[in-house]
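# Coordinate inspection notes
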Amino acid sequence: MTIFYNIIIYLIQPLIWIRLLVRGRKSPAYRKRWAERYGFCKGKVVSGGIMLHSVSVGETLAAIPLVRALRHRYPSLPITVTTMTPTGSERVQSAFGAGVHHVYLPYDLPGSLNRFLNEVNPKLVIIMETELWPNLISALHRRKIPLVIANARLSERSAKGYKKLGKFIRTILQRITLIAAQNQEDGDRFLSLGLKRNQLAVTGSLKFDISVTPELAAKAIALRSQWASRRQVWIATSTHEGEETLLLEAHKELLKAHPTLLLILVPRHPERFPVACELTRKAGLTFTQRSTGEVPSSGTQVVIGDTMGELMLLYGIADLAFVGGSLVDRGGHNPLEAAAHAIPVLMGPHTFNFKDICAKLAQDDGLITVSDTPSLVKEISTLLTDEDYRLYYGRHAVEVLHQNQGALQRLLHLLEPYLPVRGH
């Protein structure tokens with residue numbers, strides 16, 4: 001099975017190059033740093049530390065508190081954070097600057113991985129969520145480098161797919177040092193695939209371990225007074241193709257009853273920033289772009305959030321938030337960053353990426369689900385006109401967040417045996 005897997009992964013490389021070139025037409029960053037994708041990272045990393053891999057922006061955001069805690073606890077250990085996408089790369093660099101090293105994780109090719117691991121030579125590898133790369137796992141196992149899958153989740157659908165691989169997946173799982181699952185259901189699915197009980201811990205979700213720092217709160221208050229001291233503001237974040245149009249329609253409808261209302265529109269991917277500007281222009285709405293630094297005037301109806309790493313700040317300006325990828329069938333994005341600001345959170349019906357988190361929020365009146373543009377307009381209008389209703393949903397959202405925290409401390413405790421004694 002391993003030989004068959006390796007043959008396939010070598011054969012698909014030309015298709016991967018084509019995909020990178022195609023994506024590079026919209027986002028030029030995909031055409032750069034190809035050498036890193038094959039393990040050439042000399043001079044870009046420092047060996048002998050901790051390596052953490054987060055495949056996308058969502059995992060990178062969940063990893064930020066963990067990386068900060070590891071830097072605080074083990075200040076002498078270098079940390080290398082790997083991602084697969086330019087957006088993830090930008091997120092790492094905006095969160096940590098020169099404080100951590102960043103490269104792309106190489107493709108799961110034996111030669112590329114050996115080249116990479118010779119350079120990084122980590123004491124511990126942490127992979128966020130569930131990225132099961134057979135050659136990476138086997139290479140770490142051979143080198144006796146501990147591997148922890150943190151914040152692990154495994155959907156029923158993925159588990160069924162993995163089950164078809166039988167002994168192959170069982171062997172791979174048993175080479176992992178520890179899986180720290182988000183909940184018992186996820187943990188049980190790993191066990192059903194052949195993971196041993198002593199390789200499993202249930203820690204809860206790291207995504208709950210976020211907070212609004214006093215510095216961030218102060219910045220948000222200052223920006224709010226600059227942008228909209230006498231106006232109400234709603235924010236729509238992580239939006240996808242087909243979604244911005246619906247949200248701009250909703251905003252036009254809302255302006256009829258709330259003429260001074262300001263919308264902050266933040267597309268999920270940087271390549272959609274110019275598209276969002278064009279759609280706003282076509283909708284006949286006046287807008288500014290956050291990247292220009294221009295302060296919205298009283299006549300500005302939309303601000304396009306076209307910067308990286310500012311989502312938590314922008315949530316702090318808003319009275320309520322819509323979290324995207326949920327009115328279109330993309331599975332939704334993380335509602336907890338909005339919840340951290342104690343503002344009402346709205347999402348569409350498609351939230352399978354955050355099923356557990358959304359269920360917890362909805363159960364305790366911390367999430368409002370809408371089905372289409374009219375229901376979105378109706379709910380936002382109620383929230384804008386009824387302050388008690390708005391504060392009720394905001395308070396419940398942040399309470400759910402606080403009640404589910406603690407995964408970070410549990411995970412740090414589990415990592416201690418694989419790292420040097422603190423202070424040494």
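In this text, all values refer to a predicted model and were calculated from it rather than measured experimentally. (Residues numbered from 1 in each chain as written. Predicted model: local features only at pLDDT ≥ 70, side-chain atom pairs only at ≥ 80, totals over all residues. Heavy atoms only, no water.)

### A look at the overall build of the protein
Helix and strand content of the protein: 18 helices and 14 strands. In summary, the protein has a C-alpha radius of gyration of 22 Å against a globular reference of 22 Å for 424 residues, a match within 12%. Dimensions of the protein, computed from the C-alpha atoms along their principal axes, are close to 65 × 45 × 45 Å. When the accessible surface of the protein is totalled, it reaches about 18800 Å², and 54% of it is carbon and sulfur. (Helix = DSSP H or I, 4+ residues; strand = E, 2+ residues; numbered from the N terminus. Rg over C-alpha atoms; globule rule 2.2 N^0.38 Å. Areas by Shrake-Rupley, 256 points an atom, 1.4 Å probe, with all protein chains shown as cover.)

### A few points about the layout of surface pockets
Empty space within the second largest pocket amounts to approximately 630 Å³. Around the second largest pocket sit 25 residues that line it, and I64, R68, R91, S211 and M312 are the ones nearest its centre. If one sorts the elements of the lining of the second largest pocket by residue count, helix α3 (residues 57-73) sits on top with five residues. Residues that form the lining of the second largest pocket fall into these classes: twelve nonpolar, six polar and seven charged. (1 Å grid on protein atoms, 1.4 Å probe; cavity = no way out; pocket = protein on both sides within 12 Å on 5 of 7 lines; lining within 4 Å. Points joined across faces, edges and corners; volume = space filled by probe spheres on them. Nonpolar A, V, L, I, M, F, W, Y, C, P; charged D, E, K, R; others polar.)

### A short note on the pattern of salt bridges
Side chains carrying opposite charge are able to pair once their charged atoms draw close together. A complete count under the given rule lists 13 salt bridges for this structure. The network of salt bridges with shared partners includes R33, E36 and K44. (Salt bridge = Lys/Arg side-chain N within 4 Å of Asp/Glu carboxyl O.)

### Brief notes about a nonpolar patch on the surface
There is a patch of nonpolar side chains on the surface, built from M1, F4, I8, I12, L15, I18, V22 and L165 and spanning about 740 Å² of accessible area. The set of elements that each furnish at least two residues to the nonpolar patch consists of α1 (2-11) and α2 (13-26). Considering each element in turn, the nonpolar patch owes the most residues, three residues, to α2. Structurally, I8 is set in helix α1. (Patch = residues over 30% accessible without salt bridge, like charges linked within 9 Å, V, L, I, M, F, W, Y side chains within 5 Å.)

### A word on helix α17 (residues 387-403)
Helix length check: α17, at 17 residues, gives a terminal C-alpha distance of 24 Å against a target of 24 Å (1.5 Å per residue), a fit within 8%. On its buried face, α17 is in contact with α14 (336-339), β13 (345-347), α15 (355-363), β14 (368-369) and α16 (373-385). Capping of α17 at its N-terminal end is provided by D386; its side-chain oxygen lies 3.2 Å from the backbone amide nitrogen of D388. (Expected span 1.5 Å × (residues − 1). Contact = heavy atoms within 4.5 Å. Polar contact = N/O pair within 3.5 Å; in protein donor to acceptor, adjacent residues only side chain to side chain.)

### Brief notes about unusual backbone geometry
The residue R33 is not glycine, and still its phi comes out positive at about 60°. Following the sequence through the fold, R33 ends up in the loop between α2 and β1 (50-53). One non-glycine residue, N121, lies in the positive phi region at around 40°. You can see N121 is positioned in the loop between α5 (110-120) and β4 (124-128). For N121, a relative accessible area of 42% corresponds to the partly exposed category. (Buried < 20%, exposed > 50% of the residue type's maximum accessible area, 1.4 Å probe, protein only.)

### Notes on the pairing of strand β12 (residues 320-323)
Residues L320 and F322 of β12 are buried on one face, and the alternating residues A321 and V323, pointing to the opposite face, are buried as well. In this sheet, β12 lies alongside strand β8 (residues 233-239) in parallel orientation, the contact comprising four bridges. Bridge pairing links W234 to L320 in β12. As paired elements, β12 and β13 share three bridges and run parallel to each other. In the sheet register, V323 faces β13, and the bridge partner there is M347. (Pairing = 2+ DSSP bridges.)

### Examining the environment of A180
Along the chain, the position of A180 falls in strand β6 (residues 178-181). The exposure class of A180 is buried, given its relative accessible area of 0%. Separated by 104 residues in the primary sequence, A180 and S76 have C-alpha atoms spaced 25 Å apart. Discounting chain neighbours no more than four positions away, the residues touching A180 are I149, A150, N151, A152, A201, T203 and L411.

### Let's talk about the packing of aromatic side chains
Enumeration over the complete set of coordinates arrives at four aromatic pairs. Seen from their ring centres, Y38 and Y107 are 5.4 Å apart, and the 70° between their planes marks the pair as edge-to-face. Taken as a pair, Y38 in the loop between α2 and β1 and Y107 in the loop between β3 (101-104) and α5 lie far apart in primary sequence, 69 residues in all. The interplanar angle of 70° and the centroid separation of 5.2 Å between the aromatic rings of Y389 and Y393 together place this pair among those described as edge-to-face. Of the two residues, Y389 and Y393 both sit in helix α17, four residues apart, roughly one turn of that helix. The class for Y389 is partly exposed, based on a relative accessible area of 24%. (Phe/Tyr/Trp six-rings, centres within 6.5 Å; stacked < 30°, edge-to-face > 60°.)

### With respect to helix α18 (residues 407-415)
Along α18, the positions that sit buried rather than exposed are A407, L408, L411, L412 and L415. Down the axis of α18, the buried side of the element spans an arc of 130°, and every buried residue falls inside it. Looking at the buried side of α18, the elements it contacts are α3, β4, β5 (147-152) and β6. (Arc of directions from axis to C-beta.)

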